[in-house]
Amino acid sequence: MTQAKKGGKVALGTCNYGKSDIRLVKVFRDGERHDLTEVHVDVMLFGDFEGIYRDGDNTGALATDTMRNTVYALAKDHLEKDEIERFGMRLVEHFIEAGPLVRRARIEFTEHPWERIEVDGRPHEHSFVRAAGVRTARVEGDEDGRMHIEAGIDDLVVLKTTNSGWEGYLHERFTTLPETNDRILSTVVTANWEYNTTEADFSGVWRGVREQILATLTDHYSPSVQNTLYRMGEAVLERFPEIERIHFSLPNRHHILYDLERFGIENEGVVFHADAEPYGLIEGAVERSS
């Protein structure tokens, strides 16, 4: 048994600070027709902060309140419709230039997309309803001008009532689950991808990835959530050369056929219990190979 060390020198480890959950809404006005962007922004700065942490010397420290104000101020001229990644690059450049101690900055976005409400089959000019799925993005850059951009989608709830199964798996002492070739597949898609360029049509790619994920869900018999995950990733990489890697997290939302026979009622794949937990969690990445 090793003895705990006493005394000795200590040093400051990795440190960073920023401002979180900056809730920004911007209305784009073109006469009677309006567009809307709602995004939550997190700012995180990295740099030469030893004096701030170790010595209590705030010289050159950028206040987190200033970070919040900067996001709103720059949004006026630099946040374009659906272009949160480009806004992120502008914020990174600003904070590195404005903060004498800052060497690297990371901006994270959570955007809640809105769609126009349709009235009598026509989209209304300035009334909206929340769209399905949440758009995410992360932009990180350093003082040498290097930029790394990631994007993603979260909280996209999908389900298909058939054309899915789970068969041929290992049966051992504690296995009780019966095999099936006809079950409900339901999950909440969280996907994150890395770009290999800073010149992509980011909003167009995001919409396209969402579209491809939904299309792939429908186009095959799913022998497992794992196989469907791979097919989704493969389809996205084939369609978008600007994406280098995509990672999925797919919780398995189980739908269990409810036992009505005890009441003398047949239940031929009609009534299900949506079981919240515990649930299977399927995760994996699909990436380009060299």
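Worth saying up front: this structure is predicted, and the values here are computed from it rather than measured.

A. Representation of the side chain of serine 164. By the secondary structure assignment, serine 164 is in the loop between strand S7 (147-160) and strand S8 (185-195). Leave out the neighbours within four places in its chain, and serine 164 touches Asn181, Asp182, Arg183, Leu185, Tyr221 and Ser222.

B. Spatial organisation of the packing of helix H4 (residues 202-218) against helix H5 (residues 225-239). The interhelical angle for the contact between H4 and H5, taken along N-to-C directions, is 140 degrees, at an axis separation of 9 Å. Regarding the angle of H4 to H5, the classification is oblique. Considering how the two elements wind past one another, H4 and H5 form a crossing that is right-handed. Residue-level inspection shows Gly208, Val209, Glu211, Gln212, Ile213, Thr216 and Leu217 of H4 in contact with H5, the latter providing Thr228, Arg231, Met232, Ala235, Val236 and Arg239.

C. Highlighting unusual backbone geometry. At aspartate 82, a residue that is not glycine, the phi angle is positive and equals roughly 65 degrees. Counting through the fold element by element, aspartate 82 comes out in the loop between helix H2 (64-78) and helix H3 (84-98). You will see that asparagine 163, though not glycine, has its phi angle at about 65 degrees, which is positive. Looking at the secondary structure, you find asparagine 163 in the loop between S7 and S8. Residue asparagine 163 is classed as partly exposed on the basis of its relative accessible area, which comes to 32%.

D. Local environment of the side chain of glutamate 85. Position of glutamate 85 among the secondary structure elements: in helix H3. Note on glutamate 85: relative accessible area 0%, which makes it buried.

E. Just H2, in detail. Helix length check: H2, at 15 residues, gives a terminal C-alpha distance of 20 Å against a target of 21 Å (1.5 Å per residue), a fit within 8%. Among the residues of H2, Met67, Thr70, Val71, Leu74 and Ala75 are the ones counted as buried. Around the axis of H2, the buried residues are gathered within 130 degrees of arc, so they sit on the same side. Turned more than 90 degrees away from the buried face of H2, the exposed residues are Ala73, Lys76 and Asp77. Where H2 is buried, its residues touch strand S1 (16-30), strand S2 (33-47) and H3.

F. Fine view of the packing of H2 against H3. Two elements in contact, H2 and H3, have axes whose closest approach is 11 Å; the angle formed by their N-to-C orientations is 130 degrees. The orientation of H2 relative to H3 falls into the category oblique. For the element pair H2 and H3, the recorded crossing hand is right-handed. Along the contact surface, H2 presents Met67, Thr70, Val71, Leu74, Ala75 and His78, while H3 presents Phe87, Arg90, Leu91, His94 and Phe95. Per-class residue counts for the contact of H2 with H3 are seven nonpolar, three polar and one charged.

G. Fine view of the packing of aromatic side chains. What the rule picks out here adds up to four aromatic pairs. Cation over ring: arginine 104 sits above phenylalanine 46, and NZ or CZ is 3.9 Å from the ring centre.

H. Main features of the sheet that holds strand S6 (residues 134-142). What the eight strands build is an open sheet, ordered S1-S2-S3-S6-S7-S8-S9-S12; its pairing is antiparallel. At either margin of the open sheet sits one strand with a lone partner, and together these are S1 and strand S12 (280-287). Here the average twist between neighbouring strands, direction ignored, is 15 degrees. Pairing geometry for S6 and S7, over eight bridges, is antiparallel. The partner of arginine 138 across the bridge, within S7, is glutamate 150. Contacts from H2 reach S1 and S2, with the element oriented near 25 degrees to S1. In the packing of H3 onto the sheet, contacts are made with S1, S2, strand S3 (102-111), S6 and S7, and the angle to S3 comes to roughly 155 degrees.

The rules behind the values
Residues numbered from 1 in each chain as written. Predicted model: local features only at pLDDT ≥ 70, side-chain atom pairs only at ≥ 80, totals over all residues. Heavy atoms only, no water. Helix = DSSP H or I, 4+ residues; strand = E, 2+ residues; numbered from the N terminus. Contact = heavy atoms within 4.5 Å. Axes fitted to C-alpha atoms, helices over the stretch in contact; angles between N-to-C directions. Parallel < 35°, antiparallel > 145°, perpendicular 65-115°, else oblique. Left-handed = near helix turned anticlockwise from the far one by under 90°. Buried < 20%, exposed > 50% of the residue type's maximum accessible area, 1.4 Å probe, protein only. Expected span 1.5 Å × (residues − 1). Arc of directions from axis to C-beta. Nonpolar A, V, L, I, M, F, W, Y, C, P; charged D, E, K, R; others polar. Phe/Tyr/Trp six-rings, centres within 6.5 Å; stacked < 30°, edge-to-face > 60°. Lys NZ or Arg CZ within 6 Å of the ring centre and 35° of its normal. Pairing = 2+ DSSP bridges.

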